[in-house]
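Listed here are the chains, written in short residue letters.
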Amino acid sequence: MTFTGFLIYKALLVLIVFTISLVIAMYSTYAERKVAAFMQDRLGPNRAGPFGLLQPLADGLKMFMKEEIIPNVSNKFLFILGPSIAMFTSCVTGAVIPWGGSLHIGGNVYPLQVTDINIGILYIMAITSIGVYGIMIGGWASNNKYSLLGALRASSQMISYEIAMGLAIIALVMHTGTLSLNKIAAMQTGWHWNIIYQPVGFIIFLICAFAETNRTPFDLPESDSELIGGYHTEYSSMKLGFYLFAEYINMFISSAIIATLYFGGYHMPFIDRLGLSDNFGAILGIVFLFSKIFFFIFFFMWVRWTLPRFRYDQLMNLGWKVLIPLSIFNVAFTGTLMWIFGRIH
Amino acid sequence: MQALTTRSKIAVNKKMTFMERIYIPAILGGMAITLRHFFKKKVTIQYPEQQREFAPIYRGHHVLKRDENGAERCTACGLCAVACPAEAITMVAAERKKGEEALYREEKYAEIYEINMLRCIFCGLCEEACPKEAIFLTDEMVLTDYARAGFVHGKDKLVEPMDKDKRIDVSKRQTKEVAEFKKHPEYAHNQVYTKSLKA
């Protein structure tokens, strides 16, 4: 592959991943409203286009048409920086996720991953940590007590749950022996999904993923009954749209990460035995990965419309007193099992 | 004390068992409930296309009836205004002139008859009070408006059309007994004019 060919292929892949994240985030808003409606015996949006499919476009148009208000007392630079960081961090995480195997076209191999850095998981952890700044800066720059309280809640919640999440990932990394998401996905052929080896780690990671994406039951940062809108109270127009959009992209990326880390990524049991051609297998892999991702997006919504919100002390109790000890125990347990089965020398 | 509902549970502050404390079984139970609702039949009525069925005796917009010859039945006695608990009805009476016999049934009639639809509570007491079978509540809805003034309905909106085919059928609001009673010769003039009666 020539260098220009490589650049074009990578640019194309980046563009596709970016577009897909945005489109899925857009239709997640529609799906969320539909799922909410169906679970409450209603029909949901069904007027804009067939089955209401044009609703996200109408919502987006409305967002753009809204008056853009920047409060006088706010710090204008930070006020604009906040949603930009939130949107940026949620978009760049998609770069390290292996969306499928490799395509073989004209003697060249095209891996379906933007970049296979060997510390993929660390990269994701780092970026989600930066994501806190988007909320923190936005809440602080608004110069409003509700925004500040929401931002404080969000940052303390995300920092607390990152510890348990990191520890759950440590146990997983002990098992897989690599930090590269590509290798982790490639390892889980057939039924060797990591969920079978790391069930406790999966539950901890799932709970932390809910907390990291600020979804119910951990949606305290924007609990409307107590804090109006939380950190985005003062935001309007597309800056608010950026925050909401970033949340849905985060949900999509978290679903992709859960599917990659614990549910075999683009693998499906027994498919590798059918003897399909490499390219067809890779495309089928993308379909499998996306069906898993869509299931988890549905799962996120399903939980949201089932569970009530935590109280703040309950949230901190769960994070510090339950999940962190449990994840440390999980690390120790994994190590013990590996020692028993002779994988540590 | 007798329980007011069959669903009441006695709250106990007992210590939760381990299974209860990890919450996951309870969460899964809750999610099963929401999933069941996901596939249930939806209760939404798609309003402009679908309409909820009204009861035959629905109390909606009022109508001032005409008799079989097309003359207004109302004599502006004011009993409906007196009966009205919301004080929504006002009227001004006038004397019938020569040559207006086809328009008004009796010598006195209502020159102005107004019902404030924002005050009206649609109880139907005006209909009950009316000795002349002139006012009825129908199964039609009161139309919306942007201004309050538009909700004060005068005779232009209340009196039914002269054309016999466009008369508003209120027979559903009369019980069989009342309809039978009205056939007595002494009260025959008070029979409600409907298409079915005409036949």
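To start, this report covers the structure provided alongside it. (Residues numbered from 1 in each chain as written. Chains lettered and ligands numbered in written order. Predicted model: local features only at pLDDT ≥ 70, side-chain atom pairs only at ≥ 80, totals over all residues. Heavy atoms only, no water.)

The subject of this paragraph is the packing of helix H4 (residues 120-141) of chain A against helix H10 (residues 237-262) of chain A. Residue and element names in this part refer to chain A. Running from amino to carboxyl end, H4 crosses H10 at an angle of 160°, the nearest separation of the two axes being 13 Å. Here H4 is positioned roughly antiparallel relative to H10, judged by the angle of their axes. Relative to H10, the crossing made by H4 is left-handed. Along the contact surface, H4 presents Ile121, Ile124, Gly134, Ile135 and Gly138, while H10 presents Tyr243, Ile257 and Leu261. For the contact of H4 with H10, the residue count by class is six nonpolar, two polar and no charged. (Axes fitted to C-alpha atoms, helices over the stretch in contact; angles between N-to-C directions. Helix = DSSP H or I, 4+ residues; strand = E, 2+ residues; numbered from the N terminus. Parallel < 35°, antiparallel > 145°, perpendicular 65-115°, else oblique. Left-handed = near helix turned anticlockwise from the far one by under 90°. Contact = heavy atoms within 4.5 Å. Nonpolar A, V, L, I, M, F, W, Y, C, P; charged D, E, K, R; others polar.)

Looking now at the interface of chain B and chain A. Taken together, the contact pairs 15 residues of chain B with 16 residues of chain A. Interface area for chain B against chain A, summed over the two sides, is near 1400 Å², with a carbon-plus-sulfur share of 67%. Among the residues of chain B in contact with chain A, Met31(B), Phe38(B) and Lys42(B) are the three that bury the most area, contributing 40% of the side total. One can count one salt bridge joining chain B with chain A. Close ionic contact of Arg47(A) with Glu49(B) constitutes a salt bridge, the shortest N to O distance being 3.1 Å. Our enumeration of links across chain B and chain A arrives at ten residue pairs in polar contact (both at pLDDT 80 or more). Classifying every residue of the side of chain B that touches chain A gives seven nonpolar, five polar and three charged. (Buried area = accessible area lost by both parts, 1.4 Å probe. Salt bridge = Lys/Arg side-chain N within 4 Å of Asp/Glu carboxyl O. Polar contact = N/O pair within 3.5 Å; in protein donor to acceptor, adjacent residues only side chain to side chain.)

Turning to the pairing of strand S1 (residues 102-105) of chain A, a few remarks are in order. Residues and elements named next belong to chain A. With four bridges joining them, S1 and strand S2 (residues 108-111) adopt antiparallel strand pairing. Each bridged residue has a counterpart across the sheet, and for His104 the counterpart in S2 is Val109. Joining the antiparallel neighbours S1 and S2 is a turn of two residues, in which Gly106 adopts a positive phi near 55°. (Pairing = 2+ DSSP bridges.)

Another aspect to go through is the packing of aromatic side chains. Under the definition given, this model contains 30 aromatic pairs over all chains. Taking 5.1 Å as the distance between ring centres and 75° as the angle between the ring planes, the aromatic pair formed by Tyr231(A) and Tyr243(A) counts as edge-to-face. In this pair, Tyr231(A) is assigned in the loop between helix H9 (224-227) and H10 and Tyr243(A) in helix H10, connecting sequence segments twelve residues apart. The exposure class assigned to Tyr243(A) is buried, which follows from its relative accessible area of 3%. Judged by centre distance (4.2 Å) and plane angle (15°), the ring pair of Phe54(B) and Tyr58(B) falls under stacked. In this structure Phe54(B) comes out as partly exposed when scored by relative accessible area, which is 35%. (Phe/Tyr/Trp six-rings, centres within 6.5 Å; stacked < 30°, edge-to-face > 60°. Buried < 20%, exposed > 50% of the residue type's maximum accessible area, 1.4 Å probe, protein only.)

So, on to the side chain of Glu127(B). Residues and elements named next belong to chain B. Within the secondary structure, Glu127 is located in helix H4 (residues 125-129). Judged by its relative accessible area of 14%, Glu127 falls in the buried class. Looking at Glu127, its side chain comes within polar contact range of the main-chain nitrogen of Leu137, at 3.1 Å. Ignoring sequence-local partners within four residues, the contact set of Glu127 consists of Ile135, Phe136, Leu137 and Arg173.

Residue and element names in this part refer to chain A. Structurally, Ala211 is set in helix H8 (residues 199-212). When the C-alpha atoms of Ala211 and Met165 are compared, they prove to be 9.9 Å apart, with 46 residues separating the residues in sequence. Not counting residues up to four positions away in its chain, the partners in contact with Ala211 are Gln157, Met158, Tyr161 and Phe218.

What follows covers helix H2 (residues 24-38) of chain B. Look at H2(B): 21 Å from first C-alpha to last across 15 residues, which is about the 21 Å you get at 1.5 Å a residue. Within H2(B), burial applies to Met31(B), Thr34(B) and Phe38(B). Buried residues of H2(B) fall within an arc of 60° about the axis and therefore sit on the same side. With respect to the buried face of H2(B), the exposed residues turned more than 90 degrees away are Ala26(B) and Arg36(B). Buried residues in H2(B) make contact with helix H1 (3-39) and helix H11 (278-304) of chain A. (Expected span 1.5 Å × (residues − 1). Arc of directions from axis to C-beta.)

All names here are of chain A. In the structure shown here, the tally under the stated rule is four cavities of 30 Å³ or more. Taken as a whole, the largest cavity encloses approximately 390 Å³ of empty space. Together, 28 residues line the largest cavity, and Thr128, Glu212, Thr213, Asn250 and Ser254 are the ones closest to its centre. Going through the elements one at a time, helix H3 (76-92), H4, helix H5 (145-176), H8 and H10 are the ones with two or more residues in the lining of the largest cavity. Sorting elements by how many residues they give to the lining of the largest cavity places H10 first, with eight residues. When its residues are assigned to classes, the lining of the largest cavity shows 17 nonpolar, nine polar and two charged. (1 Å grid on protein atoms, 1.4 Å probe; cavity = no way out; pocket = protein on both sides within 12 Å on 5 of 7 lines; lining within 4 Å. Points joined across faces, edges and corners; volume = space filled by probe spheres on them.)

On to the layout of surface pockets. In this structure, the largest pocket occupies an estimated 1300 Å³ of space. Around the largest pocket sit 34 residues that line it, and Ile207(A), Ile22(B), Tyr23(B), Ile24(B) and Ile27(B) are the ones nearest its centre. The set of elements that each furnish at least two residues to the lining of the largest pocket consists of H8, H11 and helix H12 (312-340) of chain A together with helix H1 (18-21) and H2 of chain B. With seven residues, the top contributor of residues to the lining of the largest pocket is H8(A). Looking at the lining of the largest pocket residue by residue, the class counts come to 30 nonpolar, two polar and two charged. Only H1, helix H2 (55-65) and H10 of chain A provide two or more residues apiece to the lining of the second largest pocket. By residue number, the principal contributor to the lining of the second largest pocket is H10(A), which donates nine residues. Of the residues assigned to the lining of the second largest pocket, the class counts are 14 nonpolar, nine polar and twelve charged.

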